[in-house]
Amino acid sequence: MKSSIKALVVTGLFSLSAAAMATDDAGFSLGNKFEEASGDELYHAICQGCHMSEAQGAQGAGRYPALANNPKLSAGAYVTFMVSNGMGGMPALKQYLSDEQIAEVVNYTRSHFGNNFTDKVSADDVKIIAKR
Amino acid sequence: MTNHSMSRRALLGWIGKTAGAGAMYQAMTSLGFAAESSHPGSLNLDGVKKGATVLVLGAGVAGMTSAYELRKAGYKVKILEFNSRAGGRCWTLRGGDSYTELGGATQQCQFAEGNYINPGPWRVPYHHHHVMSYINEFNIAIEPFIQVNYNALVHSTKAFGGKPQRYRTVQADYQGYAAELLAKTINQNALDDSLSLEDREKLFESLRHWGALNEKGKYQKSHETSLRRGFAIPPGGGLSGKGEPSDLIDQSALLQSDLWKFIVNGQDIEFQSSIFQPVGGMDNIAKAFEKRVGDLIEYNARVTKIDQNDTGVTVDYEHQGVAKTAKADWCVCTIPLSILSQIPVKASSAMQTAIRSVPYASSVKVGLEFNRRFWEQDEAIFGGVSYTDLPITNISYPSTKYYDKGKGVLLGAYVWGPNAFEFTSLAPEERVKKAVEYGKQIHPQYTEEFNNGIAVGWHRVPWTQGCFGAWTEEKREQHYDNLCQVDGRLVLAGEHASHLPAWQEGAISSAHDAIKRLHKKAVATAA
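None of these values were measured; they are calculated from a predicted model. (Residues numbered from 1 in each chain as written. Chains lettered and ligands numbered in written order. Predicted model: local features only at pLDDT ≥ 70, side-chain atom pairs only at ≥ 80, totals over all residues.)

How do you make sense of the overall build of chain B when you look at a structure like this?
Along chain B, the regular secondary structure elements total 16 helices and 22 strands. In terms of overall dimensions, chain B is globule-like: its C-alpha atoms have a radius of gyration of 27 Å, near the 24 Å expected for 527 residues. C-alpha atoms of chain B, sized along the principal axes, occupy 80 × 65 × 40 Å. (Helix = DSSP H or I, 4+ residues; strand = E, 2+ residues; numbered from the N terminus. Rg over C-alpha atoms; globule rule 2.2 N^0.38 Å.)

Structure (structure tokens):
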């Protein structure tokens, strides 16, 4: 019962963010790179799959850490490293994303979901950390 | 044993001794020994110490194989399983099943009686000898899985105005044109330096044979080429039965279409005939194991810590909110690395690093149920796979119950890469909706006939957090051996501890390899 209420909430929230997305007609990237450009679009097309729509994370046999209200996000370099190179179950996403896109999604996540870190990561910072 | 195999074995022994293991492996591969997963030999787990115990973590196929074989050998075995069912990724969804993914969204599968989708593994190639040997031993009913269907479709949004083409016509025309071009180079004397006159003549003859070329080496509209690519009007009986050959696809349009990408799939060893599926769903394999080791399984057990010392292994777990502990002499851990990397494990730092080094691939499957099997009734497509450059990548038709008059289920999407992340990010019902929208471009009947669907995004699966261990060559080089060692009293098994990622054959052969080594150590270790 509890889980079905949660499901409705998740679905409801999703429809709002889906409306803001724009890629192909159906909403997906074509080819082997993500085509979403803004941090908002990128978060809701990629990160949301595991970290969930409100960055609240999830718990099963293991867990996906919540990114909401997460003090670990204070270090922009750490977040950039995780998105670029991955760690544990977290896949390296640099193969699918440009430096600019990584910076966008890192900055978005660090300034939303109860996170208020004002310093920005730049594409040049990403270049150094991602080591393509 | 034949003289032939004796001499090969003797030769390999000699290479191994003089040139080392690397050369040995290379030699084995070139002699056709190591190219595929080997036949499971006898496990020879004899000499088990009286009362020796093993704790198996995970009741997927790797865990249940381990438990089945270890108990048979004389070990006392217990299995801890997170789910309330056995099988892990060897899993089938049928009408009436309920599935709750991470994030809490619950889907009720509404398929009609007898219809199903395998969200995980769905094929067993004939040369996956470990899986096949258990299918044989447990008498699991199997049937052919149709991989290549010449009457299925290949589709590109950027070619032929988005109109799907028959696999058969693309295959025949690509092969025919390629043969024609090579034949032309012979006639232009371009191969005179590379081949003798006799070889050039033989090559020309073989190209005619291979590509259905005429006596001049041309690939053109004819009865012969239509025997490959199909007729405009198929030959039949009586006065109305005169056949009409079909027009070829324009050569440049064919090359530019990229559709040739899709016609080699069936040539990969994993997709060569014969391939099988258990009748009624892949989880019949899991159920056959469960029938034999189910009494050893404690379900709903979430492992929280794996500890060990010189005398044994201690595993902490939660069972319906209650903290519990299990102890054993030895441990076979088949928990996916995506989960295991979050659990404190007492092991060498090299193994711990290995456990944390393998990300899990993103993949999504969508099962769609339609009111009727229009692909059979309207298009004569019986089983097999249509390929597309759309995000859904595949439409796979059921290899069973042909011409059934009831509802039918397609695999409506099998998604990888960036699109798999995007699909996973959607709510389940949106994933289904997208699969229908895309599939319509290939089969317009979707609009009328769609009934219901179910979608599994593997990163949302609570017990794996991903599809399979996505090794790279570099990571394998660095970490694979460390991952697979018997570390103290612990050994890992599963597809992630194999060179056959994502395949059940990898999971089962890994279990065999792991328990053989663990047993050897157990026998050699003072109690």
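What follows picks up the thread again.
Sorry if this is basic, but what is going on with the overall build of chain A here?
Summing up its helical and strand segments, chain A has five helices and two strands in all. Counted from the first residue to the last, chain A has its helices and strands arranged as α-α-β-β-α-α-α. Counting only residues that meet the buried cut, chain A has 42% of its 132 residues in that class. Counted over contacts in chain A with a minimum sequence separation of 6, partners at least 24 positions apart contribute 53%. (Buried ≥ 20, exposed ≤ 12 C-beta atoms within 10 Å, placed from the backbone. Contact = placed C-beta atoms within 7 Å.)

Before we go on, may I ask you to explain the domain arrangement of chain B in this structure?
Interfaces are frequently sized by the accessible area removed from exposure as the parts join. By the assigned domains, chain B splits into domain 1 (53-84 + 284-357 + 470-524), domain 2 (93-151 + 273-280 + 361-460) and domain 3 (166-257). Distance from the C-alpha centre of domain 1 of chain B to the C-alpha centre of domain 3 of chain B: 54 Å. (Domains from an automatic or database assignment.)

How should I be thinking about the interface of chain A and chain B in this particular structure?
Listed as interface residues are 34 residues of chain A and, on the opposing side, 37 residues of chain B. Going through the elements one at a time, α1 (2-20), α2 (39-51) and β2 (63-64) of chain A are the ones with two or more residues in the side of chain A that touches chain B. When residues of the side of chain A that touches chain B are assigned to their parent elements, the largest contribution, seven residues, is made by α1 of chain A. Partitioning the side of chain A that touches chain B into residue classes produces 18 nonpolar, 13 polar and three charged. (Nonpolar A, V, L, I, M, F, W, Y, C, P; charged D, E, K, R; others polar.)

Teacher, can you tell me more about the confidence of the model for chain B here?
Caution is warranted with low-pLDDT regions, since their predicted coordinates should not be read in detail. Residue and element names in this part refer to chain B. Chain-level pLDDT for chain B is 93 on average; 93% of the residues reach the 70-or-more range. A low-confidence stretch, residues 1-6 (pLDDT under 50), is modelled with one contact involving residues beyond four sequence positions or located in other chains. This stretch, residues 27-35, has a pLDDT under 50; its non-local contacts, to residues over four places away or in other chains, come to nine contacts. Quick note on the complex model: pTM equals 0.89, ipTM equals 0.87. (pLDDT = per-residue confidence, 0-100.)

Help me understand helix α3 (residues 129-137) of chain B, please; the structure alone is not making it clear to me.
Spacing of three or four residues puts side chains on the same side of an α-helix, whose turn is 3.6 residues. All names here are of chain B. For α3, every residue scored as buried is listed here: His130, Val131, Met132 and Tyr134. For α3, the secondary structure elements touched by its buried residues are β7 (124-125) and α16 (504-524). Immediately downstream of α3, the backbone of Asn139 shows phi near 55°, a positive value.

Can you walk me through the nonpolar core in this structure?
Most often, soluble globular proteins have nonpolar side chains that are buried together. Residue and element names in this part refer to chain B. Of all hydrophobic cores here, the largest spans 162 residues; its most connected members are Val54, Val315, Cys331 and Val332. Tallying contributions element by element places α16 first for this core, with seven residues. Residues in contact with Cys331, not counting those within four places in the same chain, are Val54, Leu55, Leu57, Ile306, Val313, Val315, Arg489 and Leu490. (Core = buried A, V, L, I, M, F, W, Y, C linked by C-beta atoms within 7 Å.)

Mind showing me how you'd approach the sheet that holds β7 of chain B here?
Whenever strands of a sheet pair, they do so through backbone hydrogen bonds, lying parallel or antiparallel. The three strands lie next to each other as β7-β11-β8 (chain B), forming an open sheet whose pairing is antiparallel. Two strands in the sheet have a free side with no partner beyond their single neighbour: β7 and β8 (142-144) of chain B. (Pairing = 2+ DSSP bridges.)

Would you take a moment to explain the sheet that holds strand β12 (residues 297-298) of chain B for this structure?
Residue and element names in this part refer to chain B. An order of β12-β2-β1-β16-β22 is seen for the five strands of this open sheet, with the pairing classed as parallel. Looking along the sheet, the strands with just one partner apiece sit at the ends: β12 and β22 (490-492). Both strand β16 (residues 330-333) and β22 contribute to a ladder of three bridges, which runs parallel. Paired with Val332 across the bridge in β22 is Val491.

What is the right way to read the packing of helix α3 (residues 76-85) of chain A against helix α4 (residues 99-110) of chain A from this model?
Angle between the axes and distance between the axes: these two values describe a pair of packed helices. Residue and element names in this part refer to chain A. Closest axis-to-axis distance for the α3/α4 pair is 10 Å, and the angle between their directions is 130°. In terms of orientation, α3 and α4 fall into the oblique class. For the element pair α3 and α4, the recorded crossing hand is right-handed. Where α3 abuts α4, its residues Gly76, Val79, Thr80, Val83 and Ser84 lie against Ile102, Val105, Val106, Thr109 and Arg110. In terms of residue class, the contact of α3 with α4 is made up of five nonpolar, four polar and one charged. (Axes fitted to C-alpha atoms, helices over the stretch in contact; angles between N-to-C directions. Parallel < 35°, antiparallel > 145°, perpendicular 65-115°, else oblique. Left-handed = near helix turned anticlockwise from the far one by under 90°.)

What exactly am I supposed to notice about the environment of Leu45 of chain B here?
Residues and elements named next belong to chain B. Among the secondary structure elements, Leu45 is positioned in the loop between α1 (3-30) and β1 (53-57). The exposure class of Leu45 is partly exposed, given the 19 C-beta atoms found within 10 Å. Leave out the neighbours within four places in its chain, and Leu45 touches Glu69, Ala73, Ile515 and His519.

Could you clarify how one ought to interpret the packing of helix α2 (residues 61-73) of chain B against α16 of chain B in this entry?
Residues and elements named next belong to chain B. Running from N to C, α2 and α16 cross one another at 35°; their axes reach a closest spacing of 8 Å. Considering only the axes of α2 and α16, their crossing is right-handed. Taking contact as the criterion, the partners of Val61, Ala62, Thr65, Ser66, Glu69 and Leu70 in α2 are, on α16, Gln504, Ala507, Ile508, Ser510, Ala511 and Ile515. Across the contact of α2 with α16, the residue classes tally to seven nonpolar, four polar and one charged.

Mind showing me how you'd approach the environment of Leu492 of chain B here?
Residue and element names in this part refer to chain B. Among the structural elements, Leu492 can be located in strand β22. Once the C-alpha coordinates of Leu492 and Ser206 are considered, the two residues, 286 residues apart in sequence, prove to be 50 Å apart. Not counting the four nearest positions on each side in its chain, Leu492 is found in contact with Cys333, Leu483, Cys484, Ala497 and Ala514.

How should I be thinking about the pairing of β16 of chain B in this particular structure?
Regular strands place their side chains on alternate faces of the sheet. Residues and elements named next belong to chain B. Residues of β16 alternate between two faces, with Trp330 and Val332 on one and Cys331 and Cys333 on the opposite face, all of them buried. By the bridge criterion, four bridges tie β1 to β16 in an arrangement that is parallel. Paired with Leu57 across the bridge in β16 is Cys333.

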